[in-house]
Amino acid sequence: MAQKIIVTGGAGYIGSHTTVALQDAGFDVIVLDNLINSSEKSLHGVEKITGIHPEFIHVDCTDRDATRNAFKKHSDAVGVIHFAGLKAVGESVEKPLMYYRNNLDSLINVLEMMREFNIPNIVFSSSATVYGNPDILPVTEETPLKPAQSPYGQTKVMGEEIIRDMVRATPTINATLLRYFNPIGAHPSGQIGENPRGIPNNLMPYITQTAIGMREQLSIFGDDYDTDDGFCVRDYIDVNDLARAHVAALRHMINGAHGANVFNLGTGHGVSVMEMVNAFESATGVKIKYKIAPRRPGDVPAIWADATHAKRVLGWSANTPLVDTLASAWRWQQNPDAKD
Ligand code: NAD
Ligand code: WQD
């Protein structure tokens, strides 16, 4: 019988792609989501891709009793991937308590339920934001963490610590903490992708929405950074590659890896904002109207991953060419039926 995985936040951007990767790998996926930043349409998209509609439980993971009921029903799960969380950096500065309440309560409830029902493995969505503005590039997992620059980032730092403490106290539970760099792109089918509500904060959806005419022009935040071309540099990782890493992390634990292990998930290459705009134009043939705008407060000039640890230990590396990732993002943007 297929091994069962509980995926909190599975209707969201990374969660829906990971659900596809898990189903492709033969796992039985149970999605828990309160749909605060997603819709069930993504799960229909998953079904179009894999032929399987994952079981969906509409639950707010900050609701302990409701979370318990969902876990009780699936107490034979071999692992949990915990994506559920709010992720808008700026909003977290405005509404810190909402972020601490949502992101930490949901994590603590999930961990409590894992203990209660003896579910042995968790994969946690952490973020490169825990490195702040690093002194040395690329960043390895040993690079010292800087004080978080937002309540959102702080929930990731604290989330990692809570999990480490829990694993120390509970040797039967193992954890993998995955620090994502900048996830972009969509499933090659164009059936699932990133569908931000309102005006996008992130570069990739802003580019695709500008390309399709939903936004007048892209504002490029700063052209005078101390980088090769003056623009900010990031490590943009294809969401399907990222999804595969979750399967690799789960397998690693199921096959006996113990304790709490942390991995950077990036390509190992930095790309500037202007390089992204140019790459999108050549991948799609669509021109992006842009203007240079002031720097965005809180942006670090440059960050990219050393991802060799994940390659060595998990046998995982990112392999989707950027041009394919940009084409998938554009295909998704042009598929109105798949969105709300
Ligand atoms: P997303 O908003 O698309 O997905 C998160 C999902 O969690 C959504 O479906 C939302 O409805 C759900 N959710 C939120 N709070 C919930 C709660 N209390 N109970 C149940 N469901 C809840 O975001 P995403 O980009 O897929 O991110 C997934 C995870 O990865 C998040 O934890 C995020 O912080 C982390 N992360 C994302 C990025 C990124 O750039 N996308 C980078 C690093 C880390
Ligand atoms: C990328 C680059 C912007 C929008 C954020 C979070 C981080 C993580 C990933 C969750 C930057 C520039 C952007 C625009 C622009 N999320 N930009 N015009 O800031 O690297 O990371 O998402 O964990 O925590 O902070 O990603 O996509 O917002 O920006 O010029 O309209 O694009 O200045 O250099 P960021 P981003």
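Caption draft 1: Seen up close, the pattern of salt bridges. A full pass over the atoms with the stated rule returns 18 salt bridges. Ionic pairing is found between E55 and K73, a salt bridge with its closest N-O pair at 2.6 Å. Here E55 is found in strand β3 (residues 55–58), whereas its partner K73 is found in helix α3 (residues 64–73), with 18 residues between them in sequence. Taking relative accessible area as the criterion, E55 reaches 29% and is therefore assigned partly exposed. With a closest N to O distance of 2.9 Å, E116 and R68 form a salt bridge. On the criterion of sequence distance, the pair formed by E116 in helix α5 (residues 96–116) and R68 in helix α3 is long-range, its members being 48 residues apart. The class for E116 is partly exposed, based on a relative accessible area of 40%.

Caption draft 2: Spatial organisation of the nonpolar core. Formed by 34 residues in total, the largest nonpolar core has its most connected members in I5, L22, L265 and W316. Elements that contribute at least two residues to this core include exactly β1 (4–8), α1 (13–24), β2 (28–33), β6 (174–180), α8 (239–254), β11 (260–265) and α10 (308–314). Of the residues forming this core, the biggest block, nine residues, is contributed by α8. Beyond its immediate stretch of four places on either side in the chain, W316 contacts I237, D241, L242, R244, A245, A248, N264, L265, G266, A310 and K311. Judged by nonpolar contacts, the second largest core, of 25 residues, contains I6, A77, I173 and V262.

Caption draft 3: The site of ligand 2, seen in detail. Taken together, the neighbourhood of ligand 2 is formed by 19 residues, with S127, Y152, S219, R234 and D299 sitting nearest. Between ligand 2 and N201 there is a distance of 3.4 Å, counted from an oxygen atom to a backbone nitrogen or oxygen. Here D299 contributes a side-chain N or O atom positioned 2.5 Å from an oxygen atom of ligand 2. Coverage of ligand 2 by the protein chains reaches 87% of its 680 Å² of free accessible surface. Breaking the shell around ligand 2 down by element, the ones donating at least two residues are α7 (203–212) and β8 (218–221). Ranked by residue count, the leading element in the shell around ligand 2 is β8, at four residues. For the shell around ligand 2, the class distribution of residues is ten nonpolar, six polar and three charged.

Criteria and thresholds
Residues numbered from 1 in each chain as written. Chains lettered and ligands numbered in written order. Predicted model: local features only at pLDDT ≥ 70, side-chain atom pairs only at ≥ 80, totals over all residues. Heavy atoms only, no water. Salt bridge = Lys/Arg side-chain N within 4 Å of Asp/Glu carboxyl O. Helix = DSSP H or I, 4+ residues; strand = E, 2+ residues; numbered from the N terminus. Buried < 20%, exposed > 50% of the residue type's maximum accessible area, 1.4 Å probe, protein only. Core = buried A, V, L, I, M, F, W, Y, C linked by side-chain atoms within 4.5 Å. Contact = heavy atoms within 4.5 Å. Near = heavy atom within 4 Å. Polar contact = N/O pair within 3.5 Å; in protein donor to acceptor, adjacent residues only side chain to side chain. Areas by Shrake-Rupley, 256 points an atom, 1.4 Å probe, with all protein chains shown as cover. Nonpolar A, V, L, I, M, F, W, Y, C, P; charged D, E, K, R; others polar.

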